[in-house]
Amino acid sequence: MKLLRSICVYWGPREESAEACAQRLRSYFDEIECEFPALNRWYEVGIPKKRQGSVGCASDYDLVRLTRLVAKGVNRYDVPPREIIKDLGFRIPLYDRRRGDTCTGLGIHCGCYSRWTTNSVVLNVASEPSASGLDREDVIEKIFDIGVKVWNAETGMAFLQHELDPIVERRFSSKLVSSRGWP
């Protein structure tokens, strides 16, 4: 049975440059790695396998390269000339590239100041219960607190989800570990 841990933080409209978002992302990488060395390697999604070795690990990027990664995540209109939609900020999908029992994804949406969407950081860890070492509530809550602090988040939640029947119905039972901003 797989266990899904989701740690999500959200904040409202906040116009930030790619560099400001990259600085927050650098701090997030550093603080998470300091507390949880198992979460120290993050890679760009969508890099062809042949180039993955030459591109390197996003969590090792200096601030200039991290800013370029964030800037690459701008939203554009679908039709030519595909202009940038500035008020939608930046989207950065990352993953840990592990194989086997654990898979971790990190999605960042920052610099958004549209009233139609929100900024967020969502960390999902899917694994066998003890494979990642991230199966304790206190660990999940600590990662959550780091996200709230670094991103200056207004709301969020962290929860465990146990898959009850993965083949037939895809039903889940969830346990809320921590939340901020909701009654």
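Residues numbered from 1 in each chain as written. Predicted model: local features only at pLDDT ≥ 70, side-chain atom pairs only at ≥ 80, totals over all residues. Heavy atoms only, no water.

Asker: Kindly report on the overall build of the protein, identifying the contributing residues and their values.
Answerer: A count of helices and strands for the protein gives 4 helices and 7 strands. When the helices and strands of the protein are listed from N to C terminus, the series reads β-α-β-α-α-β-β-β-α-β-β. A burial count over the protein gives 43% of its 183 residues as buried. The long-range share in the protein, meaning contacts at least 24 apart out of those at least 6 apart in sequence, stands at 62%. (Helix = DSSP H or I, 4+ residues; strand = E, 2+ residues; numbered from the N terminus. Buried < 20%, exposed > 50% of the residue type's maximum accessible area, 1.4 Å probe, protein only. Contact = heavy atoms within 4.5 Å.)

Asker: I'd like a rundown of the confidence of the model for the protein, residues and numbers included.
Answerer: The predicted model of the protein averages 79 in pLDDT, with 72% of residues at 70 or higher. Segment residues 163-174 is flagged for pLDDT under 50; beyond a separation of four residues in sequence, or across chains, it makes 19 contacts in the model. (pLDDT = per-residue confidence, 0-100.)

Asker: If you had to explain the environment of Leu 25 to someone new, which residues and values would you point to?
Answerer: With respect to the helices and strands, the residue Leu 25 is situated in helix α1 (residues 18-35). Separated by 38 residues in the primary sequence, Leu 25 and Leu 63 have C-alpha atoms spaced 9.4 Å apart. Leu 25 has contacts with Leu 66, Val 70, Ile 108 and Trp 151, leaving out every residue within four places of it along the chain.

Asker: An account of the nonpolar core is needed here, citing residue identities and associated values.
Answerer: Counting residues in each nonpolar core, the largest one holds 38 residues, and the members touching the most others are Tyr 28, Leu 94, Leu 106, Ile 108, Leu 123, Ile 143 and Trp 151. When residues of this core are traced back to their parent elements, those giving at least two are β1 (3-11), α1, α3 (63-71), β3 (90-95), β4 (102-110), β5 (119-127), α4 (137-151) and β6 (155-163). If one sorts the elements of this core by residue count, α4 sits on top with 8 residues. Excluding anything up to four places from it in sequence, Trp 151 contacts Trp 11, Arg 14, Cys 21, Arg 24, Leu 25, Tyr 28, Ile 108, Cys 110 and Val 121. (Core = buried A, V, L, I, M, F, W, Y, C linked by side-chain atoms within 4.5 Å.)

Asker: Pulling in residues and values, what's your account of the packing of aromatic side chains?
Answerer: Across all of its chains, the model carries 3 aromatic pairs by this definition. Between the aromatic rings of Trp 11 and Trp 151, the centroid separation amounts to 5.5 Å while the plane-to-plane angle is 15 degrees, which identifies the pairing as stacked. Remark: Trp 151 occurs in helix α4 and Trp 11 occurs in strand β1; sequence separation between them is 140 residues. Judged on exposure class, the residue Trp 11 and its partner Trp 151 are both buried. With 6.5 Å between their ring centres and 55 degrees between their planes, Tyr 43 and Tyr 95 make a pair best called tilted. Here Tyr 43 is found in strand β2 (residues 43-44), whereas its partner Tyr 95 is found in strand β3, with 52 residues between them in sequence. For Tyr 95, a relative accessible area of 24% translates into the label partly exposed. (Phe/Tyr/Trp six-rings, centres within 6.5 Å; stacked < 30°, edge-to-face > 60°.)

Asker: Now, about the pairing of β3: what can you tell me, with residues and values included?
Answerer: Only one face of β3 is covered, namely the face carrying Phe 90, Ile 92 and Leu 94; the face carrying Arg 91, Pro 93 and Tyr 95 is uncovered. Relative to β3, β2 is paired through 2 bridges, and the arrangement is antiparallel. The residue of β3 that forms the bridge with Tyr 43 is Tyr 95. (Pairing = 2+ DSSP bridges.)

Asker: I'd like a description of the environment of Arg 82, backed by residues and values.
Answerer: Secondary-structure assignment places Arg 82 in the loop between α3 and β3. Not counting residues up to four positions away in its chain, the partners in contact with Arg 82 are Arg 76 and Tyr 77. Engagement of the side chain of Arg 82 in a polar contact is seen with the backbone oxygen of Tyr 77, the distance being 3.2 Å. (Polar contact = N/O pair within 3.5 Å; in protein donor to acceptor, adjacent residues only side chain to side chain.)

Asker: Give me the lowdown on the pattern of salt bridges, citing residues and values where you can.
Answerer: According to the stated counting rule, one finds 6 salt bridges in the structure shown. Arg 26 is paired through a salt bridge with Asp 30; the nearest N and O atoms lie 3.3 Å apart. Here Asp 30 and Arg 26 lie together in helix α1, a separation of 4 residues that amounts to about one turn. Salt bridges here are not isolated pairs; linked through shared partners, they connect Arg 14, Glu 16 and Arg 24. (Salt bridge = Lys/Arg side-chain N within 4 Å of Asp/Glu carboxyl O.)

Asker: Tell me what's going on with the packing of α1 against α4, and back it up with residues and numbers.
Answerer: Relative to each other, α1 and α4 sit at 155 degrees, their axes nearing to 10 Å. Classified by the angle their axes make, α1 and α4 are roughly antiparallel. α4 is crossed by α1, and the crossing has right-handed handedness. On the side of α1, the interface is formed by Cys 21, Arg 24, Leu 25, Ser 27, Tyr 28, Glu 31, Ile 32 and Glu 35, while α4 contributes Lys 142, Ile 143, Ile 146, Gly 147, Lys 149, Val 150 and Trp 151. For the contact of α1 with α4, the residue count by class is 8 nonpolar, 2 polar and 5 charged. (Axes fitted to C-alpha atoms, helices over the stretch in contact; angles between N-to-C directions. Parallel < 35°, antiparallel > 145°, perpendicular 65-115°, else oblique. Left-handed = near helix turned anticlockwise from the far one by under 90°. Nonpolar A, V, L, I, M, F, W, Y, C, P; charged D, E, K, R; others polar.)

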